[in-house]
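As a plain string of letters, each chain reads:
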Amino acid sequence: MHQFELTHEFLSRLEELVDAGKGLIKADNKEDVAKLVEPLHPADIAEILEELNNERAQFVFLLLDNEKGSDVLAEIDEEERNRFLASFPPEIIAKRFIDNMESDDAADLVGSLSDEQQHEVLSHMDDLEQAGDIVDLLHYDEDTAGGLMAKELVVVNENWTVLTCLRELSRQAENIDEIYNVYVVDDDNKLKGRLSLKKMILSPTSAKISNLYYEDITSVKTDEPAESVARIMQKYDLVAIPVVDSLGRLVGRITIDDVVDVIREEAEKDYQMMSGITQDVETSDSIWSQTKARLPWLIIALFGGMVSAYMISRYEAEIALFPVTAMFIPVITAMGGNVGIQSSAIVVQGLASNSLSLKNGFQNILKEIGGALINATICSSIIFVLTLFFDLNSLAMPITVTLSLFIVILFASVFGTAFPLLLNKMHIDPALATGPFITLTNDIIGLNIYLLTGNAILSCF
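Quantities reported herein were computed from a predicted structural model and do not represent experimental measurements. (Residues numbered from 1 in each chain as written. Predicted model: local features only at pLDDT ≥ 70, side-chain atom pairs only at ≥ 80, totals over all residues. Heavy atoms only, no water.)

The secondary structure content of the protein chain amounts to 22 helices and six strands. Relative to its 461 residues, the protein chain shows a buried fraction of 42%. Surface accessibility of the protein chain: about 25100 Å² in total, with carbon and sulfur atoms responsible for 56%. (Helix = DSSP H or I, 4+ residues; strand = E, 2+ residues; numbered from the N terminus. Buried < 20%, exposed > 50% of the residue type's maximum accessible area, 1.4 Å probe, protein only. Areas by Shrake-Rupley, 256 points an atom, 1.4 Å probe, with all protein chains shown as cover.)

Per the stated rule, a full pass over the model turns up eight salt bridges. The residue Arg 56 makes a salt bridge to Glu 15 at a minimum N-O spacing of 3.4 Å. Here the residue Arg 56 occupies a position in helix α4 (residues 54–61), and Glu 15 occupies one in helix α1 (residues 8–21), the gap between them amounting to 41 residues. Classification of Glu 15 as partly exposed rests on a relative accessible area of 21%. Of the charged contacts, one joins Glu 91 and Lys 95 as a salt bridge, the two residues approaching to 3.4 Å between their closest N and O atoms. Highlighted residues: Glu 91 and Lys 95, both in helix α7 (residues 90–97), separated by four residues, approximately one helical turn. For Glu 91, a relative accessible area of 39% gives the class partly exposed. (Salt bridge = Lys/Arg side-chain N within 4 Å of Asp/Glu carboxyl O.)

With that out of the way, let us pick up the packing of helix α8 (residues 103–111) against helix α10 (residues 128–138). Packing of α8 against α10 leaves a shortest axis separation of 9 Å and a crossing angle of 65°. Taken together, the axes of α8 and α10 lie roughly perpendicular to each other. Of the two possible hands of crossing, α8 and α10 adopt the one that is right-handed. Of the residues in α10, those in contact with Ser 103, Asp 104, Ala 106, Ala 107, Val 110 and Gly 111 of α8 are Gln 130, Asp 133, Ile 134, Leu 137 and Leu 138. Its residues placed into classes, the contact of α8 with α10 shows six nonpolar, three polar and two charged. (Axes fitted to C-alpha atoms, helices over the stretch in contact; angles between N-to-C directions. Parallel < 35°, antiparallel > 145°, perpendicular 65-115°, else oblique. Left-handed = near helix turned anticlockwise from the far one by under 90°. Contact = heavy atoms within 4.5 Å. Nonpolar A, V, L, I, M, F, W, Y, C, P; charged D, E, K, R; others polar.)

Time to look at the packing of aromatic side chains. Taken as a whole and judged by the stated rule, the model has eight aromatic pairs. Taking the centre distance of 5.2 Å and the plane angle of 75° together, the rings of Phe 4 and Phe 10 count as edge-to-face. Residue classification places Phe 4 among the buried residues on the basis of a relative accessible area of 15%. Taking the relative accessible area as the measure of exposure, Phe 10 reaches 16% and is therefore buried. With a centroid separation of 5.4 Å and an interplanar angle of 90°, the aromatic rings of Phe 88 and Phe 97 are classed as edge-to-face. As far as burial versus exposure is concerned, Phe 88 and Phe 97 are alike and both buried. (Phe/Tyr/Trp six-rings, centres within 6.5 Å; stacked < 30°, edge-to-face > 60°.)

Looking now at the environment of Cys 379. On the secondary structure map, Cys 379 appears in helix α20 (residues 361–388). Along the primary structure Cys 379 and Thr 402 are separated by 23 residues, whereas in three dimensions their C-alpha atoms are 8.5 Å apart.

Shown next as structure tokens:
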């Protein structure tokens, strides 16, 4: 299967067929549109629907069979999906869409509706077991294992024989798209382990499951944070992980596709925080929503700039005596900010991937100091040579700039490394340390170091 690429030509052709399909030749064009769209993957169809207006998107969507339509709906961005669903009555949403979805996707869809819509949709569902599963999942926080898990899974009892197990597997597998693991429970539904399909098939039909299953199984509790679940699955290379309640009873499973979504969302959130955006925003959000997310750091940066301006005014007389001093202020502040961001970004990345902990945090600071000494020496040497061209008659300016840059690089490296570790210890997202905060802090401190060093050195010449 080749990878689909949505082109302007494809979209134009589809829109022409859809628009023609609304007229007298509707039946013929329905078939043409279906042939164009039906072979595509649900994710590709979702991409197409997001590019069409609501009327055209409905026309295309209603040509899909119920199962594929449900898969497509699960792939559509939540905000676009809510607008799309607003035009369908609750009965259609329940019977055509939700009944054919896995419980975790169905719960996500129902959870995005208003309380009144949720009640109406659930009341129209034919599959009462599915409706009950959705209600159960809605009680969990969406950022926990309970909010990620699906109820569909294959479970066998440890007291069953292989023959009974095979019969149950064929029955349970009817409602599951992918079987990653067969879980073993006791009579109280407590998770005991996992069963190898190969071992079961090769065993006598009279063999007890209790003698065949593996006890070494990794599980998570329903209240486990989503980020922690992602780290566990990444660490142990799991494609699925069982979820248990506080009593150890098996209640669901989380698959790798759900974890990929968590990793992507966390990466987006961290990137926005590192850019000085305090809330989760999308390009489709309103101007006011985007402004609220950006404005706090802009105001902080504004006051930070005023502090820098005040500091410069304090040394106005010295700068007037040595005007060339002002030329290197942008260099000092920019280098401090850049070095600090580099150091903090490495630490934040290590903390996010769980490869860095407080135990080796001190070692990391020492390593950063070593690297900073090398960087500071090289950069300071370069700027010493360059500053000689601005004042060939005196070494005062080259020494001032060189020494200041050396100190600023060292400070920015240590601060950029230590501060995210401190925030992490205080249970504050360390991504907050990167970007505007590090830049602003290093600008102010770096400027202060430069002006104090300049005042001390230049006054001696």
